[in-house]
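What follows is each chain in one-letter form.
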Amino acid sequence: MAISSATKAATDALSVNRAPVSVGAQEVHKWMQSFTWDFDKNRTKYSTKYKMANDTKEQFKLIAKEYARMESVKDERQFGSLQDVLTRVDAANRVHPKWNESMKVISNFLEVGEYNAIAATGMLWDSASAPEQKNGYLGQVMDEIRHTNQCGYINYYFAKQGQDAAGHNDARRTRAIGPLWKGMKRVFSDGFISGDAVECSINLQLVGEACFTNPLIVAVTEWASANGDEMTPTVFLSIETDELRHMANGYQTIVSIANDEAASKYLNTDLNNAFWTQQKYFTPVLGMMFEYGSHFKVEPWVKTWNRWVYEDWGGIWIGRLGKYGVESPASLRDAKKDAYWAHHDLFLLAYALWPTGFFRVTLPTAEEAEWYEANYPGWYDMYGKVYEEWRSRGCEDPNSGFLPLQWFAENNHPIYIDRVSQVPFCPSYCKGASTLRVLEFNGKKHSFSDPWGERMWLSEPERYECQNIFEQYEGRELSEVIAEGHGVRSDGFTLISQPHTNKDGKLWTLDDIKKIGCVFADPLKAL
Amino acid sequence: MANIHDNPTRDEWMKKIAGLNSVANGHAFLTAFRAKHLSPFKTDFSLELDGQWIECKIEEKVALLKHAEFSDTQFLNNCTCGQDAQKVANAAVAKMDACTNMYEAERIHVDFRLACKPPIMPVNVFMDTDRLLGTKLMELRNTDYYALPLEELRKVRGVKVITLQ
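Residues numbered from 1 in each chain as written. Chains lettered and ligands numbered in written order. Predicted model: local features only at pLDDT ≥ 70, side-chain atom pairs only at ≥ 80, totals over all residues.

Caption draft 1: Region of interest: the packing of helix 16 (residues 451–459) of chain A against helix 8 (residues 150–157) of chain B. At a minimum axis separation of 10 Å, helix 16 of chain A and helix 8 of chain B run at an interaxial angle of 30°. Between helix 16 of chain A and helix 8 of chain B, the crossing angle belongs to the class labelled roughly parallel. As helix 16 of chain A runs across helix 8 of chain B, the sense of the crossing is left-handed. For the pair helix 16 of chain A and helix 8 of chain B, the contacting residues are Pro 451, Glu 454, Arg 455 and Leu 458 of chain A in the first and Leu 150, Leu 153, Arg 154 and Arg 157 of chain B in the second. By residue class, the composition of the contact of helix 16 of chain A with helix 8 of chain B is 4 nonpolar, no polar and 4 charged. (Axes fitted to C-alpha atoms, helices over the stretch in contact; angles between N-to-C directions. Helix = DSSP H or I, 4+ residues; strand = E, 2+ residues; numbered from the N terminus. Parallel < 35°, antiparallel > 145°, perpendicular 65-115°, else oblique. Left-handed = near helix turned anticlockwise from the far one by under 90°. Contact = placed C-beta atoms within 7 Å. Nonpolar A, V, L, I, M, F, W, Y, C, P; charged D, E, K, R; others polar.)

Caption draft 2: Focus on helix 6 (residues 181–193) of chain A. Residues and elements named next belong to chain A. Taking 1.5 Å per residue as the helical rise, helix 6 with its 13 residues ought to reach 18 Å, and the 17 Å between its terminal C-alpha atoms agrees with that figure. Extensive coverage of helix 6 is indicated by the burial of 10 of its 13 residues. Residues of helix 6 that are buried include every one of Trp 181, Lys 182, Gly 183, Met 184, Arg 186, Val 187, Phe 188, Gly 191, Phe 192 and Ile 193, and no others. For helix 6, the secondary structure elements touched by its buried residues are helix 4 (97–127), helix 7 (197–209) and helix 10 (261–292). Immediately beyond the C-terminal end of helix 6, within one or two residues, lies Gly 195, with a positive phi of roughly 95°. (Expected span 1.5 Å × (residues − 1). Buried ≥ 20, exposed ≤ 12 C-beta atoms within 10 Å, placed from the backbone.)

Caption draft 3: Spatial organisation of the environment of Met 14 of chain B. All names here are of chain B. The residue Met 14 is located in helix 1 (residues 8–18) in this model. Owing to 13 C-beta atoms within 10 Å, Met 14 belongs among the partly exposed residues under this scheme. On a C-alpha basis, the gap between Met 14 and Asp 97 in space is 40 Å, while along the polypeptide they are 83 residues apart.

Caption draft 4: Seen up close, unusual backbone geometry. A cis amide bond links Pro 118 of chain B to the next residue, Pro 119 of chain B, at an omega of 15°. Phi is positive for Asn 412 of chain A, close to 55°, though the residue is something other than glycine. The residue Asn 412 of chain A is located in the loop between helix 15 (404–410) and strand 1 (416–417) in this model. Since 8 C-beta atoms lie within 10 Å of it, Asn 412 of chain A is described here as exposed.

Note that every value here comes from positions in space, so none of it alone points to a role or purpose.
Take a look at the structure:
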């Protein structure tokens, strides 16, 4: 039978160069390197001020098909454990109630970070010109999509199987009133996706992931386990196995710009600003979530911070990048000072502002107070005494008519919000390094708590126009604001947040808050 | 009950916006509103809470007026003042290219956004111009970032120090 000319041509070609019956991953990767897509006009919204080299390598050398196979196995193990074993043993109800509340914050907030990281690594894909480097970023885009789902799933699981669904579900509806939300958006959103793509990479990969992933995603599994939470390690360790790829991507981002003239002009400034931006929020918030959101303690936060942020990242990781001209951030020294007391200062304010949150907070028990004093000498005189006073005035009881916020007003300790980081601070009652700086520009006052943030604002004022809750709700009564900001449970009047986790304790309602007559005031107006 | 989402200030502005009936008066209304109530250089602080919401509503109205009045060619090529959008953009880019001072560059960029943010300028022209201006501004801002001590930087920025602890 006659064959067509096309079939003959194909047969002839195969006789010269047989198609392989199997292909190794390395062969495929080698083949992929020869891709010559046209990247000349490829760019992200703001073309980066750095020029990324077009021969940059990528360490993982993982093709998309292998990636998908590997991740699907990880997903099967993770979801299998959660849906089968852990549900059967009622694991979500074995979690210590205090830790249950911490996971409302940690997983909901990390979900925002992962979501923005999808866009951040997409921007890097657009910016890079080396096929291998693009491949590394592609892997990360897919990771971040997976992680966003995983973080959402943790809260879904706790809400469905656990002990207090409010706050695990639909936490975002409180985003306008919760004082932790805006700072979180600053680090996890603005820092990751606004402006120069390489600067975003420094925020996300070089600082967020290489520096704070260990204290966040690894440490959280230890604290979770210690407090009876089997779900979080199951999910977060699965996330962590991908984070190595992200750290490697951050490293390669720096390698790709190392020979560019722009690196000597901008790189260390971008790194210092990124480090300060990220640490200003993560240092106090993570320490607070671990130590005050748990009953069983793993180790003092300051030790975790010193080991992973100061020594491992600031010393070893940045040290390895020294040959490319990268220096340890100048602000690292100031951050180290903050790592000792900043989270204690923040919890004092977080407890005082509890009605505006989406999670329940608990005062330290006597046993916990001993742990704090042993690990942070001087803790009792500064904080322990205040918590005792608040407890004796009935701060947990809705019939007491007492909100800790009143204590700050009675004692003339105004609470300010840092314009750049959006983190609340009380300069007249703190042990951390916060100092009050108030500047007026074009008729408007701005408060800052440190010189690094002040410089960022002086350099780019239009970047930090976000209003804080005191400006936004000045003159408004607290219960009205909570109702308007959706801070109530499904019955329409019980607050999502509560000042205790005692299952027999009374729950505060909008009426309880209204009776107190607490009205928002902007402290900057008094200056 | 008046609240942050639904209040008399917004109602009052919605009435004013409803009165806009041509691209010409929509353009004048929107650019004047932005210059007065938005950006770090605004001159009126009375709409701190509602300004961006109101701006959004004016933009919606101007976009609809533009849709009704403009031909397809005008829609892609002209600003709402009638000028050729690319010429306006080129002028802003040329000004930025010639600029070596970060404060002047910042003003060029802010003024461009106040004057041209869509629907004033077609999105296809605006976005690319905004990128070019922003890229140059970022370079100028990051050069010699720590050259001035904070005291000097405050003076150059023109801020008044209220408290320094």
